[in-house]
Structures are given as structure tokens and as C-alpha cells.
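Here is what each chain is made of, one letter per residue.
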Amino acid sequence: MSLVSREMFAIDGCKMPSNASVTWSGTRADFQKKVTKMETAIANMVNHHHMNDQEKSDENIKEKKEKYVKSLRKNIKKVQKWLDNNDDRMGKGKRPVKSNITDNESAKMKTSKGVIQGYNGVTAVDSKTQVIVAAEAYGQGSEQDLLEPMIDKISENLQETGKDDDVFKDAKLLADSGYHTNKNMEMLAEKEIDAYVADNQFRKRDPRFKDYGRYKDRTRKERAKREGRKNIFVPADFTFPEDLSYCICPAGKRLYRSGGNIFTKGHHSVRFQAPQSACVSCKLRSKCLRYPDRTKTRQVAYFTGRMDKKKKTSCAEKMKRKIDSAAGRAIYSMRLAIGEPPFAHIRSTIGLNRFTLRSKKKVNIQWNLFCIIHNLKKVHAYGMGFV
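For clarity, every value in this text was computed on a predicted model and none was experimentally measured.

Caption draft 1: Representation of the nonpolar core. Ranked by size, the top nonpolar core spans 27 residues in total, and within it Ile11, Ile154, Leu173 and Leu188 carry the most contacts. Secondary-structure elements contributing two or more residues to this core are strand E1 (8–17), strand E7 (114–126), strand E8 (132–138), helix H3 (147–159), strand E9 (172–175), helix H4 (182–190), strand E10 (194–197) and helix H9 (315–324). Of all the elements, H3 adds the most residues to this core, at five residues. If we ignore the near neighbours within four places in the chain, the residues touching isoleucine 154 are Phe9, Ile11, Ala124, Val133, Ala134, Val167 and Phe168.

Put into C-alpha cells, the structure is as follows:
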């Protein structure tokens with residue numbers, strides 16, 4: 001019906017709670033502590049109950065306590081059964097991550113409305129009429145590993161329409177900072193995809209937000225004054241001569257160079273450090289050092305702005321330059337208008353505010369079903385024979 005232009009796709013995710021409680025999340029060690037805590041509570045209540053048997057007490061209170069003990073024993077049995085049949089889920093660093101007794105394929109996620117136990121419904125949306133061309137529900141909050149699978153899904157789904165050409169030959173791809181890693185940028189370069197993926201510092205580099213730092217600094221100082229916290233001197237409070245042979249601190253003491261050819265993330269810097277004779281007896285010590293009780297002297301770094309020419313420019317740096325250009329900012333600004341409205345349509349209009357099923361397989365079916373409903377409404381609004 002020509003509702004998909006294949007010119008631009010926006011990938012984004014929507015985190016929603018699932019049919020599982022966040023209180024039943026944890027590692028094996030957490031669950032063992034929970035069992036011990038419940039067993040202790042039962043023992044205390046039983047002892048208290050025996051003591052009350054010697055005296056006259058309210059029968060309603062006794063009945064409530066008995067029900068509570070019964071509920072605790074039921075929960076202990078539930079947790080113990082899980083401990084007997086499951087091991088810890090291992091994360092990237094081979095460290096245990098939190099499991100969930102009710103739905104172990106769901107994940108604990110941070111959202112703007114707090115921490116939830118749920119799934120991340122990810123979609124790829126075409127720019128023409130906001131038709132969803134790929135969708136998948138993932139049991140993880142981090143989106144860094146989801147970019148390549150979604151790209152493969154877009155190619156696979158659109159090739160099934162009968163066109164065998166490369167979908168991304170002429171199409172652009174948009175994604176937010178949650179998908180920005182150097183590994184992902186290398187993958188996009190290898191596949192020769194014209195992508196625009198923002199990084200965490202993208203807004204700070206935008207000239208339209210040039211006064212952001214000034215207002216942020218003022219807010220920080222006001223909050224520190226209100227909460228009784230101290231403001232620490234920053235490098236801008238120090239004086240640096242043109243030859244950078246030394247620097248002067250706010251107290252008028254001299255700091256000497258401790259390194260003049262240092263590169264931090266490819267940027268050249270000169271380091272300065274104060275002698276103990278200048279710092280130990282300084283009256284401004286509490287305003288200069290974050291931990292004056294255990295830090296002896298102040299150190300300052302001055303960035304010259306020069307880049308390390310020997311260091312090869314990474315794909316992530318190339319993406320930053322691309323997205324910081326006037327054309328890059330104009331193209332990336334379209335991401336919000338393409339990728340976000342389908343989530344509002346699914347959650348507010350169609351009414352999927354939380355996943356009602358358990359396990360990734362069932363939740364993914366539910367997510368795809370609602371995405372299909374969204375697409376059918378697009379067919380009704382823009383398809384031939386319906387307009």
C-alpha cells in the first residue's frame with residue numbers, strides 16, 4: 001500500500017512493567033537472606049503467641065497473626081523451591097544479576113517513574129506513516145546490545161515483502177544515546193549504514209544549549225548552599241600563564257607542573273600539583289579539596305584542546321562529528337517525531353500500559369500483537385480504499 005518509504009527508520013524502546021513484582025527480585029544470596037528474615041519473624045511471632053496464651057488476649061489479633069504466619073510459611077516454601085531449582089543469572093562481567101521468582105526472564109529496570117520489573121518493548125518505525133517494521137520485547141533494561149538484532153529484523157521483515165535489495169542501501173537509521181557504544185558504531189560502519197546515533201554528551205555540545213552550564217552551575221551552588229554542602233574550586237578558578245609553566249590557586253599559592261604530555265581520551269592536558277608546604281597550612285583547604293582530612297595536596301589538569309594525532313579516530317568519535325554537523329542535527333531531530341508517537345498510541349489509545357503475560361516468548365507475542373494493531377490503524381487511516 002506504499003505506507004513504508006524505506007527512507008528512514010527510528011529505533012527506540014518502551015519499558016513497561018510485567019506480570020511480576022519487583023519485590024521478588026534478587027540474587028540467590030538475597031533470597032537466602034529473605035528466607036532467614038521470614039523464619040526469624042515466624043519464630044518471634046510464635047514465641048509471642050505462646051506468651052499470650054498464658055494471658056487473656058484478643059482472639060481477632062491471634063487470628064490475624066496466625067494468617068500472617070501462614071502467609072510467611074507459604075512464601076518461604078515458594079522461595080526455597082526456586083533456590084532448589086535455579087542458579088544465579090550471570091551478567092556481562094560474569095557477576096550475578098538479579099533474578100525474579102515469578103518471571104525470571106523479566107528484568108529490573110530504571111524508568112522515569114521509578115524502578116519496575118518488566119520488559120523493554122523495542123520497535124523500528126518507518127518515517128512515512130509511522131508503520132512499525134520490526135518489534136521485539138527484551139527482558140533487559142540496557143539497549144546497547146539491541147541495535148544489531150533490530151537492524152537484522154528490519155532487513156529480514158522487509159525482504160519478506162518480495163524485495164531482495166539491501167534495505168539500508170539508501171535508508172537512514174536513527175537511534176538515541178542508549179544504543180551508542182563504540183562496538184555498535186563499528187558495526188554500523190562495517191555494514192555501511194547511514195546512521196545517526198546520539199551519545200550521552202550530544203546535548204551539551206549543541207550550541208542551542210550553550211547557556212546550560214551557566215544555569216546548571218548556578219543551580220548547583222544554590223542547592224549546595226541550601227543543603228549546607230560546600231563548593232569546591234574548579235580549574236576555572238585557577239590562573240594559568242601562557243607558557244603553562246605553573247599555575248596559581250585561589251589562595252595565591254603556586255602549583256608546579258607534574259606532567260606536560262598527557263592524553264586523556266585523545267585530548268592533550270598539562271597537570272599541576274601543589275607542594276605540601278602550600279596546601280597543608282592553607283586556610284582555603286576545605287574549599288579546595290573534596291576530602292581535606294585524607295588528601296594532602298591539590299592537583300589540577302589544564303586541557304589545551306590538542307588531539308593525539310597518533311591515536312586513530314574511533315568510530316564513536318566519527319559519529320560524534322557526523323551528528324554535530326548542521327545536517328546531522330537536522331536529521332537526528334526527526335527521531336523523536338518518528339519513533340515516539342507509536343508508543344503513545346499503543347499505551348494511551350490502544351491501552352497496553354503493562355504486559356499481562358509471563359516469559360519472554362509470551363510477552364513478545366503480546367507486544368507484536370499490539371504493534372500489529374497499531375499498523376492496522378495506519379492502514380485504516382492511510383491505506384488505499386480506506387482514505
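Caption draft 2: Highlighting the side chain of serine 18. Along the polypeptide, serine 18 turns up in the loop between E1 and strand E2 (25–26). Those residues within four positions of serine 18 in sequence are excluded, and the remaining contacts are Ser106, Gln117, Gly118, Tyr119, Arg354 and Phe355.

Caption draft 3: View of a positive patch on the surface. Together, Lys70, Lys74, Lys78 and Arg358 give the surface a local cluster of positive charge. Among the structural elements, lysine 70 can be located in helix H2 (residues 59–85).

Caption draft 4: Expanded view of the pattern of salt bridges. Counted by the stated rule, this structure contains twelve salt bridges. Measuring nitrogen to oxygen at the nearest pair gives 2.7 Å for the salt bridge that ties glutamate 136 to lysine 360. Of the two residues, glutamate 136 is situated in strand E8 and lysine 360 in helix H13 (residues 360–382); the sequence distance between them amounts to 224 residues. Look at glutamate 136 and you get buried, because its relative accessible area is 11%. When salt bridges that share partners are traced, they join Asp199, Arg205, Asp324 and Arg329 into one network.

Caption draft 5: Highlighting the environment of lysine 377. Within the fold, lysine 377 resides in helix H13. Between the C-alpha atoms of lysine 377 and valine 131, which are 246 residues apart in sequence, the distance is 9.5 Å. Those residues in contact with lysine 377 that lie beyond four places of it in its chain are His345 and Ile350.

Caption draft 6: Representation of the packing of H4 against H9 within the structure. Contact pair H4 / H9: the axes reach a minimum separation of 8 Å and the direction vectors enclose 80°. When the axis of H4 is compared with that of H9, the two are roughly perpendicular. Residues Asn182, Met185, Glu186, Leu188 and Ala189 of H4 lie in contact with H9, whose contacting residues are Cys315, Ala316 and Met319. Tallied by class, the residues present in the contact of H4 with H9 amount to six nonpolar, one polar and one charged.

Caption draft 7: Seen up close, a negative patch on the surface. A contiguous patch of negative charge on the surface is contributed by Asp165, Asp166, Asp170 and Glu192. With respect to the element layout, aspartate 170 can be found in the loop between H3 and E9. On the accessibility criterion, aspartate 170 (65% relative accessible area) is exposed.

Caption draft 8: Examining the packing of helix H12 (residues 341–350) against H13 more closely. It is at 10 Å that the axes of H12 and H13 come closest, and there the two elements cross at 95°. In this view, H12 runs roughly perpendicular relative to H13, as classed from their interaxial angle. Residues Pro342, Phe343, His345, Ile346 and Ile350 of H12 touch H13, and the partners they reach there are Trp367, Phe370, Cys371, Ile373, His374 and Lys377. The residue makeup of the contact of H12 with H13, split by class, is eight nonpolar, two polar and one charged.

Caption draft 9: Quick peek at unusual backbone geometry. At glutamate 192, a position not held by glycine, the phi torsion is positive, near 55°. Mapped onto the elements of the fold, glutamate 192 is located in the loop between H4 and E10. Here the phi dihedral of serine 359 falls at roughly 85°; this positive angle occurs in a residue that is not glycine. Take serine 359: it is sitting in the loop between H12 and H13.

Caption draft 10: Representation of the pairing of E7 in the model. When you tally the buried positions in E7, you get eleven out of 13 residues, the bulk of the element. Relative to E7, E1 runs antiparallel, the two being bridged by nine bridges. Looking at E7, one finds that isoleucine 11 is bridged to alanine 124. The pairing of strand E6 (residues 107–111) with E7 spans five bridges and is antiparallel. Bridging from a neighbouring strand, lysine 108 pairs with glutamine 117 of E7. Linking two consecutive strands that pair antiparallel, namely E6 and E7, is a turn of two residues. Bridging between E7 and E8 involves six bridges; their strand directions are antiparallel. Looking at the pairing, asparagine 120 lines up with tyrosine 138 of E8. Connecting the antiparallel pair E7 and E8 is a turn made up of five residues, with glutamine 130 showing a positive phi of about 65°.

Caption draft 11: Inspection of the confidence of the model for the chain at higher detail. Scored by pLDDT, the chain has a mean of 86; 89% of the residues are at 70 or more. By mean pLDDT, helix H6 (residues 212–227) is the weakest element of the chain at 64, and E8 is the strongest at 96.

Caption draft 12: A look at the packing of aromatic side chains. Scanning the entire structure with this criterion turns up eight aromatic pairs. Between the aromatic rings of phenylalanine 240 and tyrosine 302, the centroid separation amounts to 4.7 Å while the plane-to-plane angle is 40°, which identifies the pairing as tilted. Taken together, the residues phenylalanine 240 in the loop between H6 and strand E11 (246–248) and tyrosine 302 in strand E14 (residues 299–307) connect sequence positions 62 residues apart. In this structure an aromatic cluster arises from ring pairing among Tyr119, Phe343, Phe355 and Trp367. Across the ring face of tyrosine 291, the terminal group of arginine 294 is positioned such that the distance to the ring centre comes to 3.9 Å.

Thresholds, definitions, all that
- Residue numbers run consecutively from 1 along every chain, following the written order of its sequence.
- Per-residue local features are limited, in this predicted model, to residues with pLDDT of at least 70; the limit for side-chain atom pairs, both in listing and counting, is 80 or more; totals at the level of whole chains, interfaces and linings are taken over all residues.
- Here the side-chain values reflect all heavy atoms present in the structure, with hydrogen atoms and water set aside.
- Note on terminology: a nonpolar core comprises buried Ala, Val, Leu, Ile, Met, Phe, Trp, Tyr and Cys residues joined through side-chain atoms within 4.5 Å.
- Classification of residues uses two cut-offs on accessible area relative to the type maximum, computed with a 1.4 Å probe and protein chains only: under 20% is buried, over 50% is exposed, and between them is partly exposed.
- Here a helix means four or more residues in a row that DSSP labels H or I, a strand means two or more in a row labelled E, and each is numbered from the N terminus.
- For this analysis, residues touch if any pair of their heavy atoms sits within 4.5 Å.
- Two joining distances apply to patches: 9 Å for like charges and 5 Å for nonpolar side chains (Val, Leu, Ile, Met, Phe, Trp, Tyr), and every residue must have over 30% relative accessible area and no salt bridge.
- Shrake-Rupley sampling with a 1.4 Å probe provides the accessible areas, and residues are treated as covered by the protein chains on show and by no other component.
- For salt bridges, the criterion is a side-chain nitrogen of Lys or Arg within 4 Å of an Asp or Glu carboxyl oxygen.
- For the purpose of counting charges, residues Lys and Arg are taken to be positive, whereas Asp and Glu are taken to be negative. His and the chain ends are not included.
- Charge placement uses NZ in Lys and CZ in Arg. For Asp and Glu, CG and CD serve respectively.
- Angular values range over 0 to 180 degrees, each being the angle between N-to-C directions of two axes fitted as lines to C-alpha atoms, with helices fitted over their stretch in contact.
- When an angle is under 35 degrees it counts as roughly parallel; over 145 it counts as roughly antiparallel; between 65 and 115 it counts as roughly perpendicular; any other value is oblique.
- Each residue is assigned to one class: nonpolar for Ala, Val, Leu, Ile, Met, Phe, Trp, Tyr, Cys and Pro, charged for Asp, Glu, Lys and Arg, and polar for all the others, Gly among them.
- Two strands qualify as a pair provided DSSP detects at least 2 bridges between them.
- By definition, pLDDT measures how confident the predictor is in each residue, and it falls between 0 and 100.
- Centre distance within 6.5 Å is the pairing criterion for rings of Phe, Tyr and Trp, where only the six-membered ring of Trp is used; planes under 30 degrees apart are then read as stacked, over 60 as edge-to-face, and the remainder as tilted.
- Either the NZ atom of lysine or the CZ atom of arginine qualifies as a charge over a ring when it sits within 6 Å of the ring centre and within 35 degrees of the ring normal.

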